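A closer look at the structure
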Amino acid sequence: MFESARSIISWLGDCAKIKTSLQVLTLQRETGKVMVKRQRTAFPPNFLHSLDGSHMMMTAIACKEAGLSFAAMKNPNSTLLRSKWTPIPIPHRTILEPQGQDLDYINIAHSHLLHYDWAKLDKLLTKSNSLRVKHFLLKLQNDYVISLKLFKWIELHNPSLLTLETNSIILDILTKNRKFVSAESILKKIIGSCSCDVNHHSKLFDAVIHSYRMCDSTPRVFDALFKMYAQMK
């Protein structure tokens, strides 16, 4: 609905100037008029803090269900001293670097893809594997358009190559570029295919956590994940 906190504050500030009859309160007041300046100053930040608290609670619940420890710090003054602040560590998982034939395959396939030579890519598909696909997507992650085209091409021709790790990588790429519709479409397929398998959901969350560092991702990927679970619950 809004693109930034500043937009929300501005909109709520306008709303704060309007008298409503949603509640009946008995208060001692200095004047019968609405104090516009005070309303604009107090209401927006308090409302935003309530949203922050709700979002943090949802995150903590999701982490608990996934067996993760959750810790966070709320700073009321919007100032953090870097020397005294330690961020929540995200587990780091590395994947084998491509060597020899794997590296040659990725470079050749990358060249074909940049030229949209799908005929040559079709021939290479029979020699592909999940490791090559993961590195291929990581190599393309700065271009979400071509990354998504590659993902859809593999999904059409050989979907068995798309593991939870490759799916989480494309989710990182899309959400980092705010392509939420495409990300939610992929998430819906992943979650819907094994909606009754609790282990599958845990593995998906684990894959997203561990691809977070590899793709230099943003918290938006978790927002998209939680939103999809909430819609499908």
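Reading the values: the criteria
Once a new chain begins, its residue numbering starts again from 1 and follows that chain's sequence as written. In view of the model being predicted, local features appear only for residues whose pLDDT reaches at least 70, and side-chain atom pairs are presented and counted only at 80 or more, with totals across whole chains, interfaces and linings using the full set of residues. Neither water nor hydrogens contribute to the side-chain values; these are computed over all heavy atoms in the structure. UniProt positions are given in the numbering used here, feature names are shortened, and annotations may be inferred rather than shown by experiment. With a 1 Å grid laid over protein atoms only, a set of points is called a cavity when a 1.4 Å probe fits there but cannot get out and a pocket when it is open yet has protein on both sides within 12 Å along at least five of seven lines; lining residues have an atom within 4 Å of a point. Grid points are joined across faces, edges and corners, and a volume is the space filled by probe spheres set on the points. We count a stretch as a helix when DSSP gives it H or I for four or more residues in a row; a strand needs E for two or more, and each element gets its number in order from the N terminus. All amino acids are sorted into three groups, where Ala, Val, Leu, Ile, Met, Phe, Trp, Tyr, Cys and Pro are nonpolar, Asp, Glu, Lys and Arg are charged, and the leftover types, Gly among them, are polar. Between N-to-C directions, angles cover 0 to 180 degrees, with each direction set by a line fitted to C-alpha atoms, over the stretch in contact for helices. Throughout, the term roughly parallel applies to angles under 35 degrees, roughly antiparallel to angles over 145, roughly perpendicular to angles from 65 to 115, and oblique to all others. For any helix crossing, the convention is left-handed if the near helix is rotated counterclockwise from the far helix by under a right angle, and right-handed if that rotation is clockwise. The contact definition used throughout considers only heavy atoms, calling two residues in contact when any of these lie within 4.5 Å. To estimate how far a helix should reach, multiply one less than its number of residues by 1.5 Å. Definition of a polar contact: a pair of N or O atoms within 3.5 Å, with one able to donate and the other able to accept a hydrogen when the atoms are protein atoms, and with sequence-neighbouring residues admitted only if both atoms are side-chain atoms. For every residue, the predictor reports its confidence as pLDDT, a number between 0 and 100. Throughout, exposure labels follow a simple rule: accessible area from a 1.4 Å probe, protein chains only, divided by the maximum for the residue type, with under 20% read as buried, over 50% as exposed, and the rest as partly exposed. To be clear, the arc concerns the directions from the helix axis to the C-beta atoms.

Looking at an unreviewed UniProt entry, one finds the chain named DNA-directed RNA polymerase, with Lactuca virosa as its source organism. In its Function (unreviewed entry) section, the UniProt entry covering the chain states "DNA-dependent RNA polymerase catalyzes the transcription of DNA into RNA using the four ribonucleoside triphosphates as substrates."

This part takes up empty space enclosed by the protein. Under the counting rule described, the total for this entry stands at 1 cavity of 30 Å³ or more. Each pocket or cavity is described by its volume, and for the largest cavity that value is around 50 Å³. Residue lining of the largest cavity: Tyr105, Leu121, Leu124, Leu125, Ser128, Val133, Phe136, Leu150, Trp153 and Ile154, and that is the complete set. Contributing elements (two or more residues each) for the lining of the largest cavity: α4 (118-125), α5 (130-140) and α6 (144-157). Counted by class, the lining of the largest cavity contains 9 nonpolar, 1 polar and no charged residues.

The interhelical angle for the contact between helix α8 (residues 180-193) and helix α10 (residues 220-232), taken along N-to-C directions, is 55 degrees, at an axis separation of 10 Å. As judged from the angle between their axes, α8 and α10 are oblique. Handedness of the crossing formed by α8 with α10: right-handed. Between α8 and α10, the residues in contact are Phe180, Glu184, Leu187, Lys188, Ile191 and Gly192 and Arg220, Ala224, Leu225, Lys227, Met228, Tyr229 and Met232, respectively. For the contact of α8 with α10, the class distribution of residues is 8 nonpolar, 1 polar and 4 charged.

Another point: the side chain of Asn167. Following the sequence through the fold, Asn167 ends up in helix α7 (residues 164-176). Beyond its immediate sequence surroundings of up to four residues, Asn167 is in contact with Phe151, Leu162, Ile186 and Ile190.

The next point concerns α6. Under the 1.5 Å per step criterion, the end-to-end length of α6 is 20 Å for 14 residues, consistent within 8% with the ideal 20 Å. Buried residues along α6 sit against α3 (100-114), α4, α5, α7 and α8. Among the residues of α6, the N-terminal cap falls to Asp143, whose side-chain oxygen and the backbone nitrogen of Val145 are separated by 3.2 Å.

For the rest of this paragraph, the subject is the confidence of the model for the chain. Any residue range with low pLDDT should be treated as having predicted coordinates unsuitable for detailed reading. Residues at a pLDDT of 70 or more form 66% of the chain, whose mean pLDDT is 75. No element of the chain has a lower mean pLDDT than helix α1 (residues 5-15), which averages 68, and none a higher one than α7, which averages 92. Low pLDDT (under 50) marks residues 76-88, which in the prediction has 6 contacts with non-local residues, meaning those over four places away or in another chain.

All right, on to α8 then. An ideal rise of 1.5 Å per residue puts 20 Å on 14 residues; α8 measures up with 20 Å between its terminal C-alpha atoms. Three or more residues of α8 are buried, namely Ala183, Glu184, Ile186, Leu187, Ile190 and Ile191. In an axial view of α8, the angular spread of the buried residues amounts to 165 degrees, which keeps them on one side of the axis. Facing away from the buried side of α8 by over 90 degrees, the exposed positions are Val181 and Ser193. Buried residues along α8 sit in contact with α6, α7, α9 (198-214) and α10.

The residue Tyr116 is not glycine, and still its phi comes out positive at about 55 degrees. Counting through the fold element by element, Tyr116 comes out in the loop between α3 and α4. Among the residues examined, Tyr116 registers a relative accessible area of 42% and is labelled partly exposed. The phi angle at Asp216 is positive, at roughly 50 degrees, despite the residue not being glycine. In this structure, Asp216 sits in the loop between α9 and α10. On the basis of relative accessibility, which here comes to 63%, the residue Asp216 falls in the exposed class.

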